[in-house]
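Descriptive analysis of the structure
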Amino acid sequence: MAGVNKVILIGNLGKDPDVRSLESGAKVANFTIATTEYFKGKDGQRQEATEWHNIVLWNQLAELAEKYLKKGNSIYLEGRIKTRSYDDKDGVKKYITEIFGNQMTFLGGPKSEGSSQQASGSGQGAVQDADVVEDPDDGDLPF
């Protein structure tokens with residue numbers, strides 16, 4: 001049976017995207033986003049729990065992140081989970097879990113500019129559909 005590896009997150013950037021160009025000409029952006037959950041604790045008081053996610057975007061999505069995203073911006077992100085290992089400077093094996101984004105929507109920032117923008121594309125390699133759409137019309141959604 002085939003598996004499904006899909007993540008949907010809505011959160012705020014913890015830092016400006018770090019974008020770099022590789023020798024192959026591909027661009028990669030790395031940043032973190034925070035998702036916060038609110039709930040009532042045993043004492044009945046409102047509690048919050050924040051989870052930090054490592055995000056990786058490639059090519060045109062990386063370019064869009066570099067151009068439009070800043071610390072504090074809110075985004076909707078779809079992608080897949082990938083865990084990799086590496087050896088640190090002392091030779092200790094470390095693991096990191098990342099979200100490889102393939103679609104995102106800019107939801108605004110702390111001082112929202114008023115319009116949402118949407119972009120999508122492949123997490124690696126060629127971008128499938130990386131158009132920026134301003135003020136998408138949600139009027140014809142079937143639900």
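Refer to the structure printed above.
Right, let's walk through the structure included here. (Residues numbered from 1 in each chain as written. Predicted model: local features only at pLDDT ≥ 70, side-chain atom pairs only at ≥ 80, totals over all residues. Heavy atoms only, no water.)

1. Observations regarding the packing of aromatic side chains
- If you walk through the whole model with that rule in mind, you get one aromatic pair.
- An angle of 40° between the planes, with centres 5.7 Å apart, marks the rings of Tyr-68 and Phe-106 as tilted. Taken together, the residues span a long stretch of sequence, with Tyr-68 in helix α1 (residues 59-68) and Phe-106 in strand β6 (residues 93-108) at a distance of 38 residues.
- Residue Phe-106 is classed as buried on the basis of its relative accessible area of 6%.
- Looking at Arg-46, its charged tip hangs above the ring of Tyr-38, at a distance of 4.1 Å from the centre.
- Between Arg-80 and the ring centre of Phe-100, over which it is positioned, the NZ or CZ distance is 5.1 Å. (Phe/Tyr/Trp six-rings, centres within 6.5 Å; stacked < 30°, edge-to-face > 60°. Helix = DSSP H or I, 4+ residues; strand = E, 2+ residues; numbered from the N terminus. Buried < 20%, exposed > 50% of the residue type's maximum accessible area, 1.4 Å probe, protein only. Lys NZ or Arg CZ within 6 Å of the ring centre and 35° of its normal.)

2. Details of the pattern of salt bridges
- All told, the structure shown has three salt bridges when counted by the stated rule.
- Where Glu-66 meets Lys-27, a salt bridge forms, and the shortest distance between an N and an O atom there is 2.9 Å. With a gap of 39 residues between them, Glu-66 in helix α1 and Lys-27 in strand β3 (residues 27-40) connect regions that are remote in the sequence.
- For the salt bridge of Arg-84 with Glu-98, the shortest nitrogen-to-oxygen distance reads 3.0 Å. (Salt bridge = Lys/Arg side-chain N within 4 Å of Asp/Glu carboxyl O.)

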